[in-house]
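Summary of the model geometry
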Amino acid sequence: MHLFDSAKKIKREFIPLVEGKASLYVCGPTVYDDAHLGHAKSSLVFDLLVRVLKANGYEVIYARNITDIDDKIIQKAITQNKDIKEITEFYTDSFHTEMSALGVQKPNLEPKATESLEAMFELIQKLIDSNHAYPTAEGDVYFDTSSDSEYLSLSNRVQDEGDKQNRVESSGLKKNSADFALWKSVKEEYNDLPVSSDKDGFKPSSVTFDSPFGKGRPGWHLECSAMIEKHLAIPNAEAAVDIHGGGADLLFPHHENEAAQTRCATNHKIANYWVHNGFVNIDGEKMSKSLGNSFFLKDALKEYDGEVLRFYLLSTHYRSNFNFNTQDLELAKKRLDKIYRLKKRLFGLAENRDKTAFEEKLLKALSDDLNISTSLALIDEMISNANETLDTAGKHKLLKRETISNLAYIEEVLGFGVKNPFEYFQAGVEEETKTKIVKLIASRDEAKKAKDFESSDKLRDEILAFGVSIMDTPQGTFWEKI
RNA sequence: GGUGCCAUCGCCAAGUGGUAAGGCCGCAGCCUGCAAAGCUGCUAUCCCCAGUUCAAAUCUGGGUGGCACCUCCA
């Protein structure tokens, strides 16, 4: 398969470090707030990548971290007068619930920053020993960017001209303005925090950690490098993991700094392939709290089926920026409906697990840097062909079995069509209403048999008043929520 | 200011040198008691200008218009 490597800026063949295996590390959420559509997009993209790697026969090791040490978490704890753990556990749980609603499969590993401190200490020490990092008088430890000749090679940036001047301004704390903290001493931390009126309940001890470098907490960039070394790194390989992923905004500085840390502390680079997903905008504008247009996943899930959101967010190429709006989401739903209608036509029949020509074509498209558009076009074509044959030769057994197999493959590789088709179309309708609808349909069928079309049409109007549509088929009358 | 990305039918969106996929909407038809669903057919020369080439949406140069990142961010 081929992937676009954002470090080399070309699409290239995926060749794993270990034959038959693929390791993937993705930057997960910082658990200080509800997940928004951007988190959903990123998680979905890498969920798809994992599924496609597996479909290509790779044994996949997939890690997605939880950042549970961060300034924003501390701020939230202060403003809400809660313990750090209460905050991080709450948002970790809601993240998991929401990901599950989107059909995102669980990673093999979900390391937390708080559980990886030893690995971070080790990494910092190695960087100090090799003169790539230095402690300051204030107790912080910084990475010396000038000691890494390859610094900025990932994000392809040029060093600022003003850098030398900044050295003077920084009054000896940092050697270079680009240097970033590996360890922040506890003193600096509280200077960074806003003054809060209800600070009394805050427990400072819960956010500082003892380390060989003093009391404090690790820098954000360090967390990922350390967790990768601890959980995924393959001894004596040229890179710690095959693929490192995350949102496009993480390329700089986060991934640049991660790459520098690992490169300087170990004898390997951090990853062979860098995969970055595009941004989610809302109605053409960047989603941000200052613009007041953040779209939280939990709110979207109240209005829309998780699988519809999955289909919509995955329906354009993962590297493109995604412009979220509800009109397009409705269009995506219509496309997903087609999968479910075909599924409904074949409901209850056994599948045939021989690989079909369709499956091969679909996998080929997805293996080309996750070309979702071509994949969806193939799916639509398959659906049309199947419907046409079912219309004309309804008893074609082989075709039915092949189609069911195709649908099962779509479910496995793309996660589309995973629900019971009847439940999918009737989601959100109360049992009482369902019973009424079924009774009215039965009455209408009788009227139709008696060719009393006046009554049957009247009954149909009553049914449609529930906000549903009905369709007569050889298997009987079905209804769907509109 | 620096770095990079993008511009394809009314809307969404593939295609990176060989003569424009797919979905939605629309129109016509088949099916249907009528609908719905499904099926069939129809609908673009690719922002502008110049160049390279036998051949360009695809490459080069210029222009116009969007957007992102530049140490909070998926």
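What this report covers is the structure whose coordinates are included nearby. Keep in mind that what you see is a predicted model, and the values were worked out from it rather than measured. (Residues numbered from 1 in each chain as written. Chains lettered and ligands numbered in written order. Predicted model: local features only at pLDDT ≥ 70, side-chain atom pairs only at ≥ 80, totals over all residues. Heavy atoms only, no water.)

**Description of empty space enclosed by the protein**
Enumeration according to the criterion identifies one cavity of 30 Å³ or more in this entry. Space inside the largest cavity adds up to approximately 40 Å³. Around the largest cavity, the lining residues are K41, V45, L48, L313, L314, T316, Y318, L370 and I372. Of all elements in the fold, only α1 (37–55) and α10 (306–314) reach the threshold of two or more residues within the lining of the largest cavity. Residue composition of the lining of the largest cavity, grouped by class: seven nonpolar, one polar and one charged. (1 Å grid on protein atoms, 1.4 Å probe; cavity = no way out; pocket = protein on both sides within 12 Å on 5 of 7 lines; lining within 4 Å. Points joined across faces, edges and corners; volume = space filled by probe spheres on them. Helix = DSSP H or I, 4+ residues; strand = E, 2+ residues; numbered from the N terminus. Nonpolar A, V, L, I, M, F, W, Y, C, P; charged D, E, K, R; others polar.)

**Thoughts on the pairing of strand β10 (residues 269–277)**
Sheet faces and side chains relate simply in a regular strand, where the side chains alternate between the two faces. Counting buried residues along β10, eight of its nine residues qualify, which places the element largely inside the surrounding structure. Viewed along the sheet, the connection from strand β9 (residues 239–247) through helix α8 (residues 251–265) into β10 turns out right-handed. (Buried < 20%, exposed > 50% of the residue type's maximum accessible area, 1.4 Å probe, protein only. Right-handed = clockwise from strand over helix to strand, strands pointing away.)

**Some details on the pattern of salt bridges**
Side-chain pairs of opposite charge can arise whenever the charged atoms involved come near each other. Applying the stated rule across the entire model yields 27 salt bridges. Here K419 and E307 are joined by a salt bridge, their closest N and O atoms 3.3 Å apart. Taken as a pair, K419 in the loop between α14 (397–414) and α15 (421–425) and E307 in helix α10 lie far apart in primary sequence, 112 residues in all. Taking relative accessible area as the criterion, K419 reaches 28% and is therefore assigned partly exposed. (Salt bridge = Lys/Arg side-chain N within 4 Å of Asp/Glu carboxyl O.)

**Concerning the environment of L102**
Assignment of secondary structure puts L102 in the loop between α3 (84–101) and α4 (117–129). A relative accessible area of 0% means that L102 is categorised as buried. Look past the residues within four positions of L102 in its chain and what remains in contact with it is A40, L44, L297, L301, G306, L309 and R310. (Contact = heavy atoms within 4.5 Å.)

**A look at the sheet that holds strand β7 (residues 181–185)**
The antiparallel open sheet is built from four strands, whose spatial order is β5-β6-β7-β8. The open sheet terminates on both sides in strands that have one partner only, identified here as β5 (133–135) and β8 (216–218). Shown here is a sheet whose adjacent strand axes are inclined to one another by a mean of 20 degrees, direction ignored. Note that β5 and strand β6 (residues 141–143) share three bridges and pair antiparallel. The residue of β6 that forms the bridge with P135 is V141. (Pairing = 2+ DSSP bridges. Axes fitted to C-alpha atoms, helices over the stretch in contact; angles between N-to-C directions.)

**Here we look at the protein's contact with RNA strand B**
The environment of RNA strand B is made up of 51 residues, and the closest members are K72, W220, L250, K286 and R460. Between RNA strand B and S456, the relevant distance is 3.5 Å, taken from a base oxygen to a side-chain nitrogen or oxygen of the residue. Measuring from a base oxygen of RNA strand B, one finds a side-chain N or O atom of R460 at 2.4 Å. Those elements giving two or more residues to the surface near RNA strand B turn out to be α1, β9, α11 (326–345), α13 (372–392), α16 (431–449), α17 (453–464) and β14 (468–473). If you tally residues by element for the surface near RNA strand B, the top one is α13, at eight residues. (Near = heavy atom within 4 Å. Polar contact = N/O pair within 3.5 Å; in protein donor to acceptor, adjacent residues only side chain to side chain.)

**Looking at the nonpolar core**
Ranked by internal contacts, the top residues of the largest apolar core, which has 75 residues, are F324 and I410. It is α1 that provides the largest number of residues to this core, a total of eleven residues. Both domains that meet at this core, namely domain 1 (16–281) and domain 2 (335–421), each give it at least three residues. Membership of the second largest hydrophobic core comes to 40 residues, among which are Y151, L182, M227 and A240. (Core = buried A, V, L, I, M, F, W, Y, C linked by side-chain atoms within 4.5 Å. Domains from an automatic or database assignment.)

**What to know about the packing of α4 against helix α7 (residues 220–231)**
Where α4 meets α7, the closest approach of the two axes is 8 Å, and the angle between their N-to-C directions is 105 degrees. On the basis of their axis angle, the class for α4 and α7 is roughly perpendicular. Counting all contacts with α4, which are made through A119, M120, L123 and I124, the residues of α7 involved are L222, E223, S225, A226, E229 and K230. Classifying every residue of the contact of α4 with α7 gives six nonpolar, one polar and three charged. (Parallel < 35°, antiparallel > 145°, perpendicular 65-115°, else oblique.)

**Observations regarding the side chain of T356**
Looking at the secondary structure, you find T356 in the loop between α11 and α12 (357–367). Apart from the residues lying within four places of it in its own chain, the contact partners of T356 are E402, S405 and N406.

**Side note on the layout of surface pockets**
Of the pockets and cavities examined, the second largest pocket occupies roughly 510 Å³. What lines the second largest pocket is a set of 18 residues, and nearest its centre among them are E330, K333, D337, K481 and I482. Of all the secondary-structure elements, those providing two or more residues to the lining of the second largest pocket are α11, α15 and β15 (476–481). Here the lining of the second largest pocket takes six residues from α11, the largest share from any one element. When the residues that make up the lining of the second largest pocket are grouped by side-chain class, the tally is seven nonpolar, two polar and nine charged.

**A short note on the state of the cysteines**
Overall, the coordinates contain zero disulfides when judged by the stated rule. Considering cysteine sulfurs only, C224 is the nearest to C27, which forms no disulfide, with 3.9 Å between them. The thiol sulfur of C264 is not disulfide-bonded, and the nearest other cysteine sulfur, from C224, lies at 17 Å. (Disulfide = S-S within 2.5 Å.)

Worth remembering: the numbers are spatial, not functional.
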